[in-house]
Amino acid sequence: MSGVVYIVDDDDAVRDSLDVLLRMRGYRTRPYATGAAFLDAVETDVPGCIILDLRMPAPDGLEVLKRLRGRGIDLPIVVLTAHGDAASARAAFKGGAFEFLEKPLDDAALVAAIEAATRAGTAAYALRQRRAELQRRLARLTAREHEVLLHVLAGRHNREIAAVLDISPRTVEVYKTKLLDKLQVDRLPALIRVALEAGLTDDTGAHKGNP
Amino acid sequence: MTTWRATLRAGSQTRHPTLPLAAVYVAVYIALDWLSYIQPVGPLPITAWNPPPGLSLAFLLHFGARQGIWLFVAGVAAEVVVRGLHASPAVLLASAAIPATVYTTLAWALRGPLNVDFARPSLRQIATFVGAVLVACAVVAAALITLYARSGLLETERWIALAQSWIGDSIGIVVTTPAIMLFAARDRAPPMPTRRWLAQVLAVATAFWVVFFAGLHDEPRLFYVLFLPLVWIAMDHGLPGTAAAVLIIQLGLVAVLGYRAGPLLDYQFLMLALAVTGLLIGAAVSERRRIERELRDKQFELDRSLRLAAASELASAMAHELQQPLTAMGNYVRACALMADRPDVPRDELERTVQKAVEESERAGRVVRRMRDFFRSGALTPDTIDAQALALAAIAGVRDRAERHGIAVAVHAPPQGLAPIRVDEGQIQAVLQNLLANAIDAVKSAAASPAIVLRIERADAATARISVEDNGPGVTPDIAEGLFTHFATSKAHGMGLGLAISRSIVEGHGGRIWHEPLHPGAAFRFTVPFA
């Protein structure tokens, strides 16, 4: 399992013991003693998850949670709290915590939570990676090719596209072949799926196609 | 009087006198009228001491102004029975209707807009009561004298008659009504005669002797002497005692003067001043005592909840501090288990991790030790003190609360006394207060004749034993199990926290604390060292 587990806890022993235990379980770990040190070091784009103690000197867990979200970092966060602290548990969930564990930790719950969080974090990472790759491919399209792609997404036939762009249907067919090539797909349905996955939508509008 | 009081005690929301009770009222009214019909103006019902309106007002204050018709019935009956048909029926009916109407209105006003309540009288209420009575009596006197003058029954001495009518009714009400109302509203038996109480009676008697027998005959010049014992009584017993004393002084005055044809009217003005002064002082004393008591109760509750809050704060801080080493220890040990299964992990890393787990267990131990030291040496300043004085001080702290719930509290000590003990007085006092508060909570709702005993005795040559025993429902076996160990209870008012702290304090003194079931009730005992 290739995920990074960030451990943020101000208590040396708790932090170190989590570090040892999780490394024994095969995770790559990165321990931090303060929220500030963690926020300085955390990478925006890695697979993995965060174990975050709520009760720390400022910035405390909730504050760290808030700043992570503010920076658009969506690594899954497993929050640790004191037993029976329902108020901060609720606040943590509202702040977007992935899972919530009470100290002293139950081993099975800890393993399950980190497993699930890492999986979710890795999946999100993979999705981000793919989207970035697709966007890189989209970036290689010329303006005209991009325009044709949008019309294809809107579901128009070659003849309609040709009429709108004032070119011959055969030329439209040539553009389509270039699109398949540049986006590295072999058929039209795959082309449409990839375009949608990359975040492209049909925003040409019907009025453009129907004068 | 027993029937009367029994009904007053029953005190349902909508109170109606039963017919026999109304009849009793009328009969007592007639008897009072007959007894107090002394030195009248001619054949008219005008005397300088007229208690029947006092009885009537008390009757209406209790049963409501709607029972006013009985005042008219009693008035007519008294006229006929006591004085015979001394005037035309029309005049007789009118002379009964006037006071009945005015005093019914007075009762309505006192219960309603003037808001006078003898169950919880304040200085303002008593002053309002006296003022309203004086006005109402003036109205009655003016109306009656006009009636008698118009019907030719009163030729001369109209001003004297007016004054006598007013003073007679005023003093009759001011002296009688509060005494009846306060007697009915009292919540515990009158105090047993103590030496001080007897001294006060003696002082009143002495003052009487000075006023009437040692001084100049039939001259009220020394009357002021009576103020002294009355003020003393007022300061000591508050309003109820004063009301009783005023009534007794008035009866004595009537007995001495009325039947030997002294100038009762002159004395009654002084008597009115005496009664009003006494009642106002008594009311002020009672009100102040009530406020002091309420403040003390609030303080007591506050202290108790603050102590509990501090303890719960401490418990939560301790729980947090223990959580960290326990969490770390668990993680290390689990990691060790994983390492032991893996041949590729170097042996010294396993040993290092085991060592870390051991360190964490020692850290947890340090947290617990620091906690115990906090109770033990942190605040402990032992003194050599007298156990009996300590017990009496503890009892004094809860006396008011206990009395209000009718709980008998006593200190039992060996007759030959007990050697002084060596304890931190503040801390042991906190333990006693906590045990007594628990005992009060236990008995106040349960036992028929609730009682708490604080027992101090010799346990052995080196230790004294202090016990708080109650006759409440006792401690159920399942609770008794962990009575002193429920440290982390979440209940704000549970026994657990208080007893756990008590245990820490007692053990900090080198003693022990335990619970013993009684039949019925419970005993909490602890030992402390002799000095």
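Okay, so let's go over this structure.

Cut-off values and rules
Residues numbered from 1 in each chain as written. Chains lettered and ligands numbered in written order. Predicted model: local features only at pLDDT ≥ 70, side-chain atom pairs only at ≥ 80, totals over all residues. Heavy atoms only, no water. Helix = DSSP H or I, 4+ residues; strand = E, 2+ residues; numbered from the N terminus. Buried < 20%, exposed > 50% of the residue type's maximum accessible area, 1.4 Å probe, protein only. Contact = heavy atoms within 4.5 Å. Phe/Tyr/Trp six-rings, centres within 6.5 Å; stacked < 30°, edge-to-face > 60°. Lys NZ or Arg CZ within 6 Å of the ring centre and 35° of its normal. 1 Å grid on protein atoms, 1.4 Å probe; cavity = no way out; pocket = protein on both sides within 12 Å on 5 of 7 lines; lining within 4 Å. Points joined across faces, edges and corners; volume = space filled by probe spheres on them. Pairing = 2+ DSSP bridges. Axes fitted to C-alpha atoms, helices over the stretch in contact; angles between N-to-C directions. Core = buried A, V, L, I, M, F, W, Y, C linked by side-chain atoms within 4.5 Å. Salt bridge = Lys/Arg side-chain N within 4 Å of Asp/Glu carboxyl O. Parallel < 35°, antiparallel > 145°, perpendicular 65-115°, else oblique. Nonpolar A, V, L, I, M, F, W, Y, C, P; charged D, E, K, R; others polar. Left-handed = near helix turned anticlockwise from the far one by under 90°.

Examining the overall build of chain B
Thinking step 1. Looking only at helices and strands, one finds 15 helices and seven strands in chain B.
Thinking step 2. For chain B, the proportion of its 531 residues judged to be buried stands at 47%.
Thinking step 3. For chain B, long-range pairs separated by at least 24 residues make up 75% of all intrachain contacts whose partners lie at least 6 apart in sequence.

Some details on the packing of aromatic side chains
Residue and element names in this part refer to chain B.
Thinking step 1. For the coordinates displayed, the defined rule picks out ten aromatic pairs over all chains.
Thinking step 2. Members of the aromatic cluster, each reached through a chain of ring pairs, are Tyr25, Tyr29, Phe59 and Phe63.
Thinking step 3. Across from the ring centre of Trp514, 4.1 Å away, lies the NZ or CZ of Arg512, which sits over that ring.

A few points about empty space enclosed by the protein
Residues and elements named next belong to chain B.
Thinking step 1. By the definition in use, this model includes two cavities of 30 Å³ or more.
Thinking step 2. Of the pockets and cavities examined, the largest cavity occupies roughly 330 Å³.
Thinking step 3. Surrounding the largest cavity, 24 residues form its lining, Tyr29, Pro45, Asn50, Glu79 and Pro99 being those nearest its centre.
Thinking step 4. Among the secondary structure elements, those contributing two or more residues to the lining of the largest cavity are helix H2 (19-35), helix H3 (52-63), helix H4 (69-83), helix H5 (89-111), helix H6 (123-150) and helix H7 (158-185).
Thinking step 5. In terms of residues, the lining of the largest cavity owes the most to one element, H5, which gives five residues.

Brief notes about the pairing of strand E4 (residues 451-458) of chain B
Strand residues, when the strand is regular, have side chains that alternate between the two faces of the sheet.
Thinking step 1. Where strand E2 (residues 408-412) of chain B meets E4(B), five bridges bridge the pair, whose relative direction is parallel. Directly across from B:Val411, in E4(B), lies its bridge partner B:Leu454.

Topic: the sheet that holds strand E2 (residues 28-32) of chain A
In a beta sheet, neighbouring strands pair by backbone hydrogen bonds and run either parallel or antiparallel.
Residues and elements named next belong to chain A.
Thinking step 1. The strand order E2-E1-E3-E4-E5 describes an open sheet built from five strands, whose pairing is parallel. Looking at strand neighbours, the two that pair on one side only are E2 and strand E5 (99-102), the edges of this open sheet. The mean angle between the axes of side-by-side strands here comes to 20°, regardless of whether they run parallel or antiparallel.
Thinking step 2. As paired strands, strand E4 (residues 77-81) and E5 are joined by four bridges and run parallel to one another. Looking at the pairing, Val78 lines up with Glu99 of E5.
Thinking step 3. Across the sheet, helix H5 (residues 107-139) is in contact with strand E1 (4-8), strand E3 (48-53), E4 and E5; its angle to E3 comes to roughly 135°.

Concerning the nonpolar core
All names here are of chain B.
Thinking step 1. By size, the foremost hydrophobic cluster in this structure holds 85 residues, and its most contacted members are Leu57, Tyr103 and Phe129.
Thinking step 2. When residues of this core are assigned to their parent elements, the largest contribution, twelve residues, is made by H6.
Thinking step 3. Discounting chain neighbours no more than four positions away, the residues touching Phe129 are Leu57, Leu110, Val116, Phe118, Ile173, Val174, Thr177 and Pro178.
Thinking step 4. If you look at the next biggest cluster of nonpolar residues, it comprises 42 residues, including Ile395, Ile428, Ala464 and Phe530.

A look at the pattern of salt bridges
All names here are of chain A.
Thinking step 1. In total, this model carries 25 salt bridges over all chains according to the counting rule given.
Thinking step 2. We note a salt bridge from Glu145 to Lys182, for which the minimum N-O separation is 3.0 Å. Residue Glu145 is located in helix H6 (residues 143-153), and its partner Lys182 is located in helix H8 (residues 169-182); the two are separated by 37 residues in the primary sequence.
Thinking step 3. Residue Lys182 is classed as partly exposed on the basis of its relative accessible area of 22%.

A short note on the packing of helix H7 (residues 158-165) of chain A against H8(A)
Helix-helix packing is characterised by the crossing angle of the two axes and by the distance between the axes.
Residues and elements named next belong to chain A.
Thinking step 1. Following both chains from N to C, one finds H7 and H8 inclined at 105°, their axes separated by 8 Å at the closest point. The angle between H7 and H8 falls in the class roughly perpendicular. Together, Asn158, Arg159, Ile161 and Ala162 of H7 and Pro169, Val172, Glu173 and Lys176 of H8 make up the contact between the two elements.
Thinking step 2. Per-class residue counts for the contact of H7 with H8 are four nonpolar, one polar and three charged.

Focus on the packing of H4(B) against H5(B)
Residue and element names in this part refer to chain B.
Thinking step 1. It is the contact of H4 with H5, at a shortest axis distance of 8 Å, that shows an interaxial angle of 145°. You can see that H4 and H5 cross each other, and the crossing is right-handed. Only Leu92, Leu93, Ser95, Ala96, Ala97, Ala100, Tyr103 and Thr104 of H5 make contact with H4, whose side of the interface consists of Leu71, Phe72, Gly75, Val76 and Glu79.
Thinking step 2. The class makeup of the residues in the contact of H4 with H5 is nine nonpolar, three polar and one charged.

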